[in-house]
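# Working through the structure, step by step
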Amino acid sequence: MALSRSHRREDVNFWPGFVDALSTMLIGIVFLLSVFVLGQFFLSQEISGKDTVLDRLNRQLSELTDLLALERAAGKDAKDSLALLQSTLTTEQAERSRIQGMLDSVNGSAPAQLAESQKALEAEKQLSARAQATVELVNQQILAMRRQLAALEEAIGAAEAKDKEAQTRIAELGSRLNVALAQRVQELARYRSDFFGRLRQVLGTRPDIRVVGDRFVFQSEVFFDAGQAVLKPEGRVELDKLGAIIADLGREMPPDLPWILRVDGHTDNRPIRSAQFPSNWNLSTARAVAVVEYLITKGIPADRIAATGFGEFQPLDVANNDEAWRRNRRIEFKITER
């Protein structure tokens, strides 16, 4: 009997450690709930974007899924703990029954043994009561975790619904934007074609003026002397014709159509190192600026025209002879989008 009592005291020392483990598990659950609340706050702050919002929603959805998996794992651990407690309670009840039977069998024994057995029975009753209270607490915790899991699943469902809605809206906006851009491109192409037609009628067929792709190309000699960026009188005449056509066309275009006339200056590949123009970049840019400034005086809005210098780096002819150099020295006009 002495060995049996010693064994029962070692069983009693098991519970404080188990209660500590449960406390640790509760602290972990509170931490996970705090993480979830923070995740919900940041989710509500970041849901208003488009592509960025979708990325954040996907990341938060992944975090919520991980949290749900953790909560489910914690719930399984709690269920395992409950099963262990119930098994322990059953063992204790069996032990109490055994002790009660021993008491019944030793009714004629010495009073000292009877008192000791009754004391052991009271201790077992107290232990059983504590176990019952622990089981009830664990049941309440499992119920609370189930409610939290349901709330998490509902939040994940709401996030997925918002994600689908945002993707649908972005797809609709993208489709509408593509249609609008296509309409604008078609409209700009129509006015560009009109611009080319009018220029051909006014300028006629001249060897120093030609069409290359979507650009009108003037040889630099039409406007400038060699190595200079000052417009010649005969170049101003040609620009007067060009400016009148562009001004008329600009009045016909819708105000919200984002068109712009780009004036590109090009030189040949022979280097220039004058005091005024240290490089071909400077010369090509200065010529483009001179044409732009003159066209502005002829009524072209300053916000509808731009000057660009390419130097010798966009040749039409890569040969090194007089004909190739002449072709590469040019001023190009192109109606394009801003």
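Cut-offs used in this document
- Residues numbered from 1 in each chain as written.
- Predicted model: local features only at pLDDT ≥ 70, side-chain atom pairs only at ≥ 80, totals over all residues.
- Heavy atoms only, no water.
- Phe/Tyr/Trp six-rings, centres within 6.5 Å; stacked < 30°, edge-to-face > 60°.
- Buried < 20%, exposed > 50% of the residue type's maximum accessible area, 1.4 Å probe, protein only.
- Salt bridge = Lys/Arg side-chain N within 4 Å of Asp/Glu carboxyl O.
- Helix = DSSP H or I, 4+ residues; strand = E, 2+ residues; numbered from the N terminus.
- Contact = heavy atoms within 4.5 Å.
- Patch = residues over 30% accessible without salt bridge, like charges linked within 9 Å, V, L, I, M, F, W, Y side chains within 5 Å.
- Areas by Shrake-Rupley, 256 points an atom, 1.4 Å probe, with all protein chains shown as cover.
- Pairing = 2+ DSSP bridges.
- Right-handed = clockwise from strand over helix to strand, strands pointing away.
- Expected span 1.5 Å × (residues − 1).
- Axes fitted to C-alpha atoms, helices over the stretch in contact; angles between N-to-C directions.
- Parallel < 35°, antiparallel > 145°, perpendicular 65-115°, else oblique.
- Left-handed = near helix turned anticlockwise from the far one by under 90°.
- Nonpolar A, V, L, I, M, F, W, Y, C, P; charged D, E, K, R; others polar.
- Core = buried A, V, L, I, M, F, W, Y, C linked by side-chain atoms within 4.5 Å.

By the naming in an unreviewed UniProt entry, the chain goes by Peptidoglycan -binding protein and is assigned to Bosea rubneri.

## Details of the packing of aromatic side chains
Tallied over the entire structure, the rule returns five aromatic pairs. Aromatic pair Phe 223 and Phe 224: ring centres 6.2 Å apart, planes at 65 degrees, arrangement edge-to-face. An identical accessibility class is assigned to Phe 223 and Phe 224; each is buried. A connected cluster of aromatic rings, assembled from ring pairs, spans Phe 218, Phe 223, Phe 224 and Phe 333.

## Concerning the pattern of salt bridges
What the rule picks out here adds up to 16 salt bridges. We note a salt bridge from Glu 221 to Arg 329, for which the minimum N-O separation is 2.8 Å. Placement of the pair is Glu 221 in the loop between strand E2 (215–219) and helix H5 (233–252) and Arg 329 in the loop between helix H7 (322–328) and strand E5 (330–337), with a sequence separation of 108 residues. A salt bridge links Arg 326 to Glu 323; its shortest N-O distance comes to 3.0 Å. Within this pair, Arg 326 and its partner Glu 323 are both found in helix H7, separated by three residues, close to a single helical turn.

## A few points about the side chain of His 266
Note on placement: His 266 falls in strand E3 (residues 259–266). Beyond its immediate chain neighbours, meaning those up to four positions away, His 266 contacts Ser 220, Ser 284, Phe 310, Gly 311, Gln 314, Asn 328, Arg 329, Arg 330 and Glu 332.

## Thoughts on a nonpolar patch on the surface
Together, Leu 38, Phe 41 and Phe 42 make up an exposed nonpolar region whose accessible area comes to about 320 Å². Of note, Phe 42 is situated in helix H2 (residues 14–46). Given the relative accessible area of 46%, Phe 42 is considered partly exposed.

## Some thoughts on the pairing of E3
Counted residue by residue, E3 has seven buried out of eight residues, so it is predominantly covered. Of the pairings in the sheet, the one linking E3 to E5 comprises eight bridges and is antiparallel in character. Bridging from a neighbouring strand, Leu 261 pairs with Ile 335 of E5. For the crossover from E3 across helix H6 (residues 280–297) to strand E4 (residues 305–309), the handedness is right-handed.

## As for H6
Taking 1.5 Å per residue as the helical rise, H6 with its 18 residues ought to reach 26 Å, and the 26 Å between its terminal C-alpha atoms agrees with that figure. Listing the buried residues of H6 in full gives Asn 280, Leu 283, Ser 284, Arg 287, Ala 288, Ala 290, Val 291, Val 292, Tyr 294 and Leu 295. Elements that come into contact with the buried residues of H6 comprise H5, E3, E4 and E5. Downstream of H6 by a residue or two, Gly 299 has a phi angle that is positive, lying close to 105 degrees.

## Some thoughts on the pairing of E4
In this structure, E3 lies alongside E4, joined through five bridges in parallel fashion. Considered in E4, the bridge of Arg 262 is made with Ala 306.

## Quick notes on the packing of H5 against H6
The geometry of H5 relative to H6 is characterised by a closest axis approach of 10 Å and an angle of 55 degrees between their N-to-C directions. Accordingly, the angle class assigned to the pair H5 and H6 is oblique. The handedness of the crossing between H5 and H6 comes out as right-handed. From H5, Arg 236, Leu 239, Asp 240, Leu 242 and Gly 243 reach across to H6, where they touch Val 291, Tyr 294 and Leu 295. For the contact of H5 with H6, a count of residues per class yields five nonpolar, one polar and two charged.

## Some words on the nonpolar core
By size, the foremost hydrophobic cluster in this structure holds 27 residues, and its most contacted members are Phe 223, Leu 239, Leu 261, Val 263, Val 291, Leu 295 and Phe 333. Those elements that place two or more of their residues in this core are E2, H5, E3, H6 and E5. It is H6 that provides the largest number of residues to this core, a total of six residues. Dropping the residues within four chain positions of it, Val 291 is found in contact with Phe 224, Leu 231, Leu 239, Val 263, Ile 331 and Phe 333. In this structure, Phe 18, Leu 22, Ile 29 and Leu 82 belong to the second largest nonpolar core, which totals 14 residues.

## As for the environment of Phe 313
Looking at the secondary structure, you find Phe 313 in the loop between E4 and H7. A relative accessible area of 46% places Phe 313 in the partly exposed class. Spatially, the C-alpha atom of Phe 313 lies 8.5 Å from that of Asp 268, the residues being 45 residues apart in sequence.

## Comments concerning the environment of Glu 136
With respect to the helices and strands, the residue Glu 136 is situated in helix H4 (residues 111–203). Accessibility expressed as a relative area gives 44% for Glu 136, which makes it partly exposed. Placed 54 residues apart in sequence, Glu 136 and Leu 82 show a C-alpha to C-alpha distance of 9.2 Å.

## Quick word on H5
For H5, which comprises 20 residues, the first-to-last C-alpha distance of 29 Å matches the rise-based estimate of 28 Å (1.5 Å per residue) to within 8%. All of the buried residues in H5 are Gly 235, Glu 238, Leu 239, Leu 242, Gly 243, Ile 245, Ile 246, Ala 247 and Leu 249.

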